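Listed below are the residues making up each chain.
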Amino acid sequence: MSLLPLTLENTDVELINKNISDFYLTLTPQLRKAADFVLENPVDIALLPIRKSSDAAGVTPSTLTRLAKKLGFERYNHFKDVFKKAVHTKAPVNYGNRAQLLQTLSGASPSNGLLHNFAQSSFKDLENLFNNETLKKLQSAAQLIVKAKKVYALGFLDAFACAHHFAYVGHIAFPNFSLIRSNEGNLLSELVKITPNDVVVVFGSDPYAIDTINSIELLKTQGAQIISITDDLRSPLAANVNEVFVVETDTPHFFPSISSTIVLAEALLSECVTMGGQEVLQNISRYQETLRHFGGYYAPKN
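Since we're looking at a predicted model, the values are computed, not measured.

Caption draft 1: Focus on the environment of A163. As for its position among the elements, A163 is in helix α10 (residues 159–173). Counting along the chain gives 40 residues from A163 to F203, while the straight-line C-alpha distance between them is 6.4 Å. Each residue touching A163, except ones within four places of it in the same chain, is listed here: A153, L154, G155, L179 and F203.

Caption draft 2: Representation of the packing of aromatic side chains. By the definition in use, this model includes six aromatic pairs. Ring geometry for F73 versus F79: centroids 5.4 Å apart, planes at 75 degrees, classification edge-to-face. F73 gets classed as buried once you look at its relative accessible area, which sits at 3%. We classify F79 as buried; its relative accessible area is 0%. Note on F166 and F177: the rings are 5.6 Å apart at their centroids and 35 degrees apart in plane angle, and the pair reads as tilted. Residue F166 is located in helix α10, and its partner F177 is located in strand β2 (residues 177–179); the two are separated by eleven residues in the primary sequence.

Caption draft 3: Representation of the nonpolar core within the structure. Of all hydrophobic cores here, the largest spans 31 residues; its most connected members are I145, F166, V201, F203 and L268. When residues of this core are traced back to their parent elements, those giving at least two are α9 (132–147), β1 (151–154), α10, β2, β3 (199–203), β4 (225–230) and α13 (259–275). If you look at the next biggest cluster of nonpolar residues, it comprises 24 residues, including I20, V38, L71 and V82.

Caption draft 4: Just α13, in detail. For α13, which comprises 17 residues, the first-to-last C-alpha distance of 25 Å matches the rise-based estimate of 24 Å (1.5 Å per residue) to within 8%. Considered for burial, the residues of α13 that qualify are S260, T261, I262, L264, A265, L268, L269, E271 and C272. Positive backbone phi, approximately 75 degrees, marks G277, located one or two places after α13.

Definitions and limits used
Residues numbered from 1 in each chain as written. Predicted model: local features only at pLDDT ≥ 70, side-chain atom pairs only at ≥ 80, totals over all residues. Heavy atoms only, no water. Helix = DSSP H or I, 4+ residues; strand = E, 2+ residues; numbered from the N terminus. Contact = heavy atoms within 4.5 Å. Phe/Tyr/Trp six-rings, centres within 6.5 Å; stacked < 30°, edge-to-face > 60°. Buried < 20%, exposed > 50% of the residue type's maximum accessible area, 1.4 Å probe, protein only. Core = buried A, V, L, I, M, F, W, Y, C linked by side-chain atoms within 4.5 Å. Expected span 1.5 Å × (residues − 1).

So, in structure tokens, the structure goes:
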């Protein structure tokens, strides 16, 4: 089985991934190995010469070329050009295609199976998070937060979980932390009270919630200090903010992973605690003692 000739004009990365999914279980072991590399390392395909990509994938250059032809491309360079274009023009996430790929992976051999792919992507996401640049940004962002009059966490749709976790844990140490909830359609009234003395920590990844984008634009007009935690420097959450963190969200799951975002949020809170002094320690102890006193924690009966 082969496809009609594909070009830069009539295809995109999502279509390539779907076609790989359709072919996956019929591929030879070497072609499957090449396909795994393409699915997991699209940026490398876009930026690296074919020999370096093949070395990283553990296959020969001719194997990558055969895979490209199997997918309907006349030449490997035509295949590569699609990924180069995607680097500069981010394609929208297609949950349906990702779910189909998830089903395909579940039928693969154990070495390339679902759990293995989850482990690989999770380790890679976290490995890319921990570097000297992130440490410097954490220290800079933490200083903004500790000095702020009030600190708000903002995130909608799947990012609401990240914002809630950041606000809840942060409030234990810093009583001036709160979550923007948009209860009963009352988002505007929550946003207009935020001032230039306040910091808003914003969470969001592709596909970006329109309420998050609109909120950021309003907050900028009010002069609020904004820290964005997002998935791409081209994200609408990243432009003209005080600090931006880019986290990896790669996963075999059909929905972008929030694991790295949660880890980064916890690292940022930890950095804030180190700068908070004795008052922060007292806040944390008082919170825990209060919950324990009023039965907020499970206590086994003697």
